[in-house]
Amino acid sequence: MNEAVAATRGISPRDHLANHRCAVARRSYALEWGNLRSKANNDVTRRRVFDPGAVPEGFWRRDDVQQSLTHRDVGRLFRLFLDEFADCTQTQLALLTEHDRSDISNWVRGARQGRVSDIEVLTRIADGLQIPDQARLQLGLAPAGPVDIKVDLAGPWHFPEEQVDASAAGTAQPEQVHLAICGSRAPDTDASVIDAAVRCLARLVMSRQYKVSHGPVGVGIEVMTYIADQYRPPDVALALGLFGHRNVIHDAKYVIVLGGSAGTRTEIDLALSMGKRVIPLPCSGGTARRFYHQAARDKRLRQWMADDHFAALNACDDPGEDFIRIVEHLITTDLGASE
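Residues numbered from 1 in each chain as written. Predicted model: local features only at pLDDT ≥ 70, side-chain atom pairs only at ≥ 80, totals over all residues. Heavy atoms only, no water.

(A) Structural detail: the overall build of the protein chain. If you tally the helices and strands in the protein chain, you get 17 helices and six strands. In the protein chain, buried positions account for 43% of the 339 residues. In the protein chain, 65% of the contacts between residues at least 6 apart in sequence involve partners at least 24 apart. As displayed, the protein chain has an accessible area near 18100 Å², and 50% of this comes from carbon and sulfur atoms. (Helix = DSSP H or I, 4+ residues; strand = E, 2+ residues; numbered from the N terminus. Buried < 20%, exposed > 50% of the residue type's maximum accessible area, 1.4 Å probe, protein only. Contact = heavy atoms within 4.5 Å. Areas by Shrake-Rupley, 256 points an atom, 1.4 Å probe, with all protein chains shown as cover.)

Okay, here's the thing in C-alpha cells:
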C-alpha cells in the first residue's frame, strides 16, 4: 500500500512505514522458519538412516542377547539394542521392523509382553535388523541364506556335511553327530512339555546340523515336521520314518527320549544293548520318566554321564530350553572325552 492510499484511509506516513516494516519482517520470519523446518526434516531423515548391517556380529553373540533371542524376548532385545547403539532410536527401530512407534515404546518400557511367538512379527524384526543366520536360528526362524537339508530315501533325514578337500586340509573331517529321537504322546505323558521340547530340539538340530533318525510316527517326526514348517529349509518335501525299532536307533550314537510307551521302551533296550547313549527328559512323562528312575537306581545305564548332568535332567525349570542345553553339553563333553 502506497502513501497516497494510506492517506485516504487515515493512516499516517509513520504508521504506514511501521506496517510495511512488520510485513517485511513477517515474510522474512516465514522464510527463515521454512528454512529451519526444511533443515530439521533433513536432519531427521539423516538420523533415520541407521544401518543395521553395520552391527558387529559380536553383538549377536553376547550372552544376554542370545538369551533374549532364545526366549524370543523382543522387549529385552530392543532394550539391549538401543543401549548398545546410541544412534538408533525407537523411531528408527519402528521404521526398520515395520511397527508403530508406540509398539516399540511399549516393548521397551515393559508395558507390553516382551515374549513374542508370532512368526511374522519375528521375521519382520529379524529382517529389519539384519540378524545373522545363527541368531535367526536361536530366534526360531529359518536362516536368510540357503541351508540345505537333504532327505535320504534309504535312511534318516540328515544335514549334509560340508564338502571339504580332506587331503588339502591335511586332516579328516570330524564325524557328524547322529541322533535318534524316540517317544510318543502316550496317555501318561505331558503334552505341554513335549510341545516345548519339540520346538527346542528342532532349533538344536538346525543350529548344530545333527543327523536325525526317527520312526514313521511319534515325537521324532514331529521335530522334523516343525523344522519343515517353521524354518522352511529348501529341498524338504517329505518325511520318511524308519520302520522297525532297531533301524531307528541302529546308526545313532545318542538316543533322545520324550514321553513314549511300550515301543519306546523297546528302542531304549535295543540302544543299551548296542552301547548307545540314552538321554531321557523325565518331566515329559511316560517311558522317559520310567527309564530315568530306573537309571537313577542302576548307574550302569548311564555310566557315560556324570552324576550332576544326570541330576540336571530332572531339574529343568524350562523343559525345552534347559533340556537342549543339557543335551548339547552332554554331547560336546562326551565327544571331547572320546577324542
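Next comes the rest of the description.
(B) View of the packing of helix α5 (residues 74-84) against helix α7 (residues 101-109). Running from N to C, α5 and α7 point in directions that differ by 95°, and their axes come no closer than 7 Å. One finds that α5 runs roughly perpendicular with respect to α7. Touching Val 74, Gly 75, Phe 78, Arg 79 and Leu 82 of α5 are Ile 104, Trp 107 and Val 108, all from α7. Looking at the contact of α5 with α7 residue by residue, the class counts come to six nonpolar, one polar and one charged. (Axes fitted to C-alpha atoms, helices over the stretch in contact; angles between N-to-C directions. Parallel < 35°, antiparallel > 145°, perpendicular 65-115°, else oblique. Nonpolar A, V, L, I, M, F, W, Y, C, P; charged D, E, K, R; others polar.)

(C) A look at the packing of aromatic side chains. Summed over all chains, the structure comprises ten aromatic pairs. Note on Phe 50 and Phe 85: the rings are 6.2 Å apart at their centroids and 55° apart in plane angle, and the pair reads as tilted. Pair noted here: Phe 50 is in the loop between α2 (13-48) and α3 (57-60) and Phe 85 is in the loop between α5 and α6 (90-97), with a separation of 35 residues, a long-range link. Here Phe 50 falls in the buried class, since its relative accessible area comes to 10%. (Phe/Tyr/Trp six-rings, centres within 6.5 Å; stacked < 30°, edge-to-face > 60°.)

(D) The pattern of salt bridges, seen in detail. Per the counting criterion, the structure on display carries 17 salt bridges. Arg 62 is the partner of Glu 84 in a salt bridge, and the nearest nitrogen-oxygen pair spans 3.0 Å. Here Arg 62 lies in the loop between α3 and α4 (63-70) and Glu 84 lies in helix α5, a separation of 22 residues in the sequence. Among the residues examined, Arg 62 registers a relative accessible area of 26% and is labelled partly exposed. Through salt bridges with shared partners, a single ionic network connects Arg 62, Asp 64 and Glu 84. (Salt bridge = Lys/Arg side-chain N within 4 Å of Asp/Glu carboxyl O.)

(E) Representation of the nonpolar core within the structure. Grouped together as the largest cluster of nonpolar side chains are 55 residues, with contacts concentrated most on Leu 179, Val 223, Val 255, Ile 279, Leu 313 and Phe 323. Among residues more than four places away in sequence, those in contact with Val 223 are Ile 181, Val 198, Leu 201 and Ala 202. (Core = buried A, V, L, I, M, F, W, Y, C linked by side-chain atoms within 4.5 Å.)

(F) Up close: unusual backbone geometry. One non-glycine residue, Arg 72, lies in the positive phi region at around 55°. Locating Arg 72 in the fold gives a position in the loop between α4 and α5. Residue Gln 130 is not a glycine yet carries a positive backbone phi of 55°. Along the chain, Gln 130 falls in the loop between α8 (119-128) and α9 (133-139). Among the residues examined, Gln 130 registers a relative accessible area of 46% and is labelled partly exposed.

(G) Representation of the pairing of strand β3 (residues 178-184) in the model. Of all seven residues in β3, six are buried; the element is thus mostly enclosed. Bridge analysis of β3 against strand β4 (residues 211-213) gives three bridges, and the strand direction is parallel. Looking at β4, one finds that Leu 179 is bridged to Val 212. Taking the sense of rotation as the criterion, the β-α-β connection linking β3, helix α11 (residues 191-208) and β4 turns out right-handed. (Pairing = 2+ DSSP bridges. Right-handed = clockwise from strand over helix to strand, strands pointing away.)

(H) Here's a closer look at α11. Between its terminal C-alpha atoms α11 stretches 25 Å, which fits the 26 Å expected from 18 residues at 1.5 Å a residue. Among all positions of α11, only Val 193, Ile 194, Ala 196, Ala 197, Val 198, Cys 200, Leu 201, Ala 202, Arg 203, Leu 204, Val 205 and Met 206 are buried. With its phi angle positive at about 55°, Gln 209 sits one or two positions after the end of α11. (Expected span 1.5 Å × (residues − 1).)

(I) Quick look at the confidence of the model for the protein chain. Looking at the protein chain as a whole, the pLDDT averages 79, with 72% of positions reaching at least 70. Confidence, read as mean pLDDT per element, is least for strand β1 (residues 150-151) in the protein chain (36) and greatest for strand β6 (residues 277-281) (97). When the criterion is pLDDT under 50, residues 147-173 qualifies, and its contacts beyond four places in sequence or with other chains add up to 56 contacts. (pLDDT = per-residue confidence, 0-100.)

(J) Inspection of the environment of Arg 300 at higher detail. Looking at the element boundaries, Arg 300 is found in the loop between α15 (286-297) and α16 (307-313). Separated by 2.9 Å, the side chains of Arg 300 and Asp 298 make a polar contact. (Polar contact = N/O pair within 3.5 Å; in protein donor to acceptor, adjacent residues only side chain to side chain.)

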